[in-house]
2 protein chains.
Amino acid sequence: MTTYGQFCPVAKAMEVLDERWTLLVVRELLAGSTRFNELRRGVPKMSPALLAKRLRSLERAGVVRRYEADDHPGYRLTQAGEELRPLVESLGAWGTRWVGGLGEADLDPHLLMWDMRRTVPVNAWPRERTVVAFRFDGVSAPVAHWWLVVRDGEVDICDYDPGYEATVTVSAALRTLVRVWRGDLSWQMALRGEAVSLDGPAEARRDLPVWLGQSPLAVVPRP
Amino acid sequence: MTTYGQFCPVAKAMEVLDERWTLLVVRELLAGSTRFNELRRGVPKMSPALLAKRLRSLERAGVVRRYEADDHPGYRLTQAGEELRPLVESLGAWGTRWVGGLGEADLDPHLLMWDMRRTVPVNAWPRERTVVAFRFDGVSAPVAHWWLVVRDGEVDICDYDPGYEATVTVSAALRTLVRVWRGDLSWQMALRGEAVSLDGPAEARRDLPVWLGQSPLAVVPRP
DNA sequence: CTGTATCCATGGCGATACTG
DNA sequence: CAGTATCGCCATGGATACAG
């Protein structure tokens with residue numbers, strides 16, 4: 001941890017938080033991840049060594065506590081860590097409003113599916129098992145096809161065919177679906193312009209935008 | 001600017017903001033500084049080359065706009081920059097609550113005086129010229145003595161005797177006065193315990209805590 | 001599954017000096 | 001006053017392999 005040589009609380013806070021990846025790890029913890037590899041999936045481009053290092057720093061700073069339960073370790077936020085929620089939310093709102101341009105490298109389909117997995121409104125889905133297949137155009141084969149399976153309030157994602165027939169198939173450029181997810185583009189506009197196309201029974205096609213919804217930050221008003 | 005390879009708005013925001021010093025420069029701009037050397041005084045440990053570099057990055061990111069006026073350049077926040085205010089405030093509140101421990105290197109008297117200069121409640125001061133002298137114990141000679149001069153709603157600080165007689169002299173360990181300023185310790189407690197001693201007419205001694213006040217973040221409730 | 005160990009290149013950043 | 005120019009270190013962190 002490098003220091004600023006200032007007593008200002010903003011500077012003291014940044015000494016803890018300004019290192020690369022730190023607030024993204026906090027974001028994952030705020031989203032409910034606790035296990036090491038669960039955290040990794042939220043920050044896949046971060047090396048495990050660095051994640052371990054950051055977790056130790058955050059522990060020393062009193063933001064995170066490591067615990068052992070059922071013979072497997074886990075991490076949770078302390079009260080100090082939990083109180084970073086408004087800060088991370090501000091950051092997300094600001095990023096939504098003012099940092100729109102996405103590079104090709106930002107378009108990670110795994111992260112999109114992982115994000116859907118944890119925020120999809122399961123209560124809005126049919127009670128019986130429902131499978132949504134995704135086909136991303138212009139993405140290399142191994143990550144172009146994904147499946148979202150919802151059953152009994154449980155959500156799973158696969159990058160292989162789970163064997164059940166898809167209720168709806170969603171086809172779109174990855175960039176387009178990311179934009180819809182972020183709220184840069186509405187479901188309505190995307191479907192009307194055929195930037196996203198759906199395949200399946202009419203009723204399911206009608207309901208799909210409600211099933212998937214959008215990222216929690218999508219509601220942030222744009223400048 | 002290093003990237004995270006994530007479309008998440010939190011990550012996109014951090015790409016702009018997570019580099020060392022960046023949010024401290026924004027803090028200075030939010031506090032009203034506009035000129036290059038004025039900004040420098042708020043981040044004295046930052047090299048001018050690095051400050052220039054950060055200002056350019058922030059300009060590219062659309063957070064800051066450089067302008068020319070009266071033949072001298074200046075910097076001001078754009079709307080995107082202004083909207084960082086709640087974020088910086090959250091950061092300050094969090095730092096106040098959870099990052100209390102100050103190292104010796106954090107105790108910079110120049111920053112303390114500079115911070116007072118811009119937030120002192122001038123309307124609470126007498127109308128005639130008023131001088132408060134500071135004597136910091138255990139600080140090397142050239143920065144142990146300071147003067148705060150208030151007249152006609154104008155505040156000035158000097159590190160040399162301005163020639164006018166001091167209305168009140170404040171003597172304290174630098175750490176103590178910093179703690180009072182941050183709100184870690186009340187004026188009342190500090191004066192009662194004689195951690196801070198005042199010299200001057202009774203009325204002025206009584207009013208001094210109101211004249212100086214505390215940092216805006218001092219009101220943040222502690223855990 | 002939960003991390004460690006090691007290596008290496010990059011470049012960030014601190015320090016200092018200097019210029020229009 | 002408002003920055004540039006230059007230098008060089010060392011730490012950051014990316015990559016990969018591996019271990020309990």
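The shown structure was predicted, so the numbers you read here are calculated from the model rather than taken from an experiment.

Rules used in this analysis
- Residues numbered from 1 in each chain as written.
- Chains lettered and ligands numbered in written order.
- Predicted model: local features only at pLDDT ≥ 70, side-chain atom pairs only at ≥ 80, totals over all residues.
- Heavy atoms only, no water.
- Near = heavy atom within 4 Å.
- Polar contact = N/O pair within 3.5 Å; in protein donor to acceptor, adjacent residues only side chain to side chain.
- Helix = DSSP H or I, 4+ residues; strand = E, 2+ residues; numbered from the N terminus.
- Least-squares fit on C-alpha atoms with pLDDT ≥ 70 in both.
- Contact = heavy atoms within 4.5 Å.
- Phe/Tyr/Trp six-rings, centres within 6.5 Å; stacked < 30°, edge-to-face > 60°.
- Buried < 20%, exposed > 50% of the residue type's maximum accessible area, 1.4 Å probe, protein only.
- Lys NZ or Arg CZ within 6 Å of the ring centre and 35° of its normal.
- Buried area = accessible area lost by both parts, 1.4 Å probe.
- Salt bridge = Lys/Arg side-chain N within 4 Å of Asp/Glu carboxyl O.
- Nonpolar A, V, L, I, M, F, W, Y, C, P; charged D, E, K, R; others polar.
- Pairing = 2+ DSSP bridges.
- Axes fitted to C-alpha atoms, helices over the stretch in contact; angles between N-to-C directions.
- Parallel < 35°, antiparallel > 145°, perpendicular 65-115°, else oblique.
- Left-handed = near helix turned anticlockwise from the far one by under 90°.

(A) Here's a closer look at the protein's contact with DNA strand C. Neighbouring DNA strand C are 15 residues, the closest being Arg35(A), Asn37(A), Arg66(A), Arg20(B) and Arg54(B). Taking the atoms of DNA strand C that fall within 4 Å of the protein, sugar and phosphate contribute 81% of them. Separating a phosphate oxygen of DNA strand C from a side-chain N or O atom of Arg56(A) is a distance of 3.5 Å. The separation between a phosphate oxygen of DNA strand C and a polar side-chain atom of Lys53(B) is 3.5 Å. Counting residues per element, the ones that place at least two in the surface near DNA strand C are α3 (36–42), α4 (48–60) and β2 (72–77) of chain A together with α4 (48–60) of chain B. In terms of residue count, α4(A) provides more of the surface near DNA strand C than any other element does, four residues in total.

(B) Quick peek at the protein's contact with DNA strand D. Residues in contact with DNA strand D amount to 15 residues; listed here are only the nearest, Arg20(A), Arg54(A), Arg35(B), Arg66(B) and Tyr75(B). Considering the 4 Å shell around the protein, atoms of DNA strand D inside it are sugar or phosphate in 81% of instances. In this structure, Arg20(A) approaches DNA strand D through a side-chain N or O atom, which is 2.8 Å from a phosphate oxygen. Residue assignment for the surface near DNA strand D shows that the elements contributing at least two residues are α4 of chain A together with α3 (36–42), α4 and β2 (72–77) of chain B. The element contributing the most residues to the surface near DNA strand D is α4(B), with four residues.

(C) Looking closely at the relation of the copies chain A and chain B. Between chain A and chain B, which share one sequence, the superposing operator has a rotation angle of 180° and an axial displacement of 0.0 Å; the RMSD is 0.0 Å. In short, the pair behaves as if placed about a two-fold rotation axis. Across chain A, the smallest distance between a C-alpha and the rotation axis is recorded for Asp18(A), namely 2.6 Å. Of all interface residues in chain A, 100% are interface residues in chain B too; the two copies therefore contact each other through one and the same surface.

(D) A look at the packing of aromatic side chains. Per the counting criterion, the structure on display carries six aromatic pairs over all chains. Judged by centre distance (4.7 Å) and plane angle (70°), the ring pair of Tyr4(A) and Trp21(B) falls under edge-to-face. Separated into two different chains, Tyr4(A) in the segment before α1 (9–17) and Trp21(B) in the loop between α1 (9–17) and α2 (22–30) make up a pair that spans both. For Tyr4(A), a relative accessible area of 2% gives the class buried. In this arrangement the basic side chain of Arg129(A) is found over the ring face of Tyr164(A), its NZ or CZ atom lying 3.6 Å from the centre.

(E) Here's a closer look at the interface of chain A and chain B. With 54 residues of chain A at the contact, the number on the chain B side is 54 residues. Where chain A abuts chain B, roughly 4800 Å² becomes buried across the two surfaces, and 67% of that area is made up of carbon and sulfur atoms. The largest share of the area that chain A buries against chain B comes from Tyr4(A), Phe7(A) and Trp94(A), three residues that together contribute 18% of it. Applying the counting criterion to the chain A and chain B interface returns four salt bridges. Glu83(B) is the salt-bridge partner of Arg97(A), the closest N and O atoms lying 2.7 Å from each other. The interface formed by chain A and chain B includes 20 residue pairs in polar contact (both at pLDDT 80 or more). Elements supplying a minimum of two residues to the side of chain A that touches chain B: α1, α2 (22–30), α5 (79–82), α6 (85–98), α7 (109–119) and α8 (174–182) of chain A. The element that contributes the greatest number of residues to the side of chain A that touches chain B is α6(A), accounting for ten residues. Of the residues in the side of chain A that touches chain B, the class split is 31 nonpolar, eleven polar and twelve charged.

(F) Focus on the pairing of β2(B). Residue and element names in this part refer to chain B. Examined bridge by bridge, strand β1 (residues 64–69) and β2 share six bridges and lie antiparallel to one another. In the strand pairing of β2, Arg66 is matched with Tyr75. Counted along the chain from β1 to the antiparallel partner β2, the turn is two residues long, and its residue Asp70 has a positive phi close to 50°.

(G) Geometry of the packing of α2(B) against helix α6 (residues 85–98) of chain B. Residues and elements named next belong to chain B. Relative orientation of the contacting elements α2 and α6 amounts to 110°, with a least axis distance of 10 Å. When the axes of α2 and α6 are compared, the pair comes out roughly perpendicular. Crossing handedness for the pair α2 and α6: left-handed. Every residue of α6 that contacts α2 at Leu23, Val26, Arg27 and Leu30 is listed here: Arg85, Leu87, Val88 and Leu91. The class makeup of the residues in the contact of α2 with α6 is six nonpolar, no polar and two charged.

On their own, these measurements won't tell you what the molecule is for.
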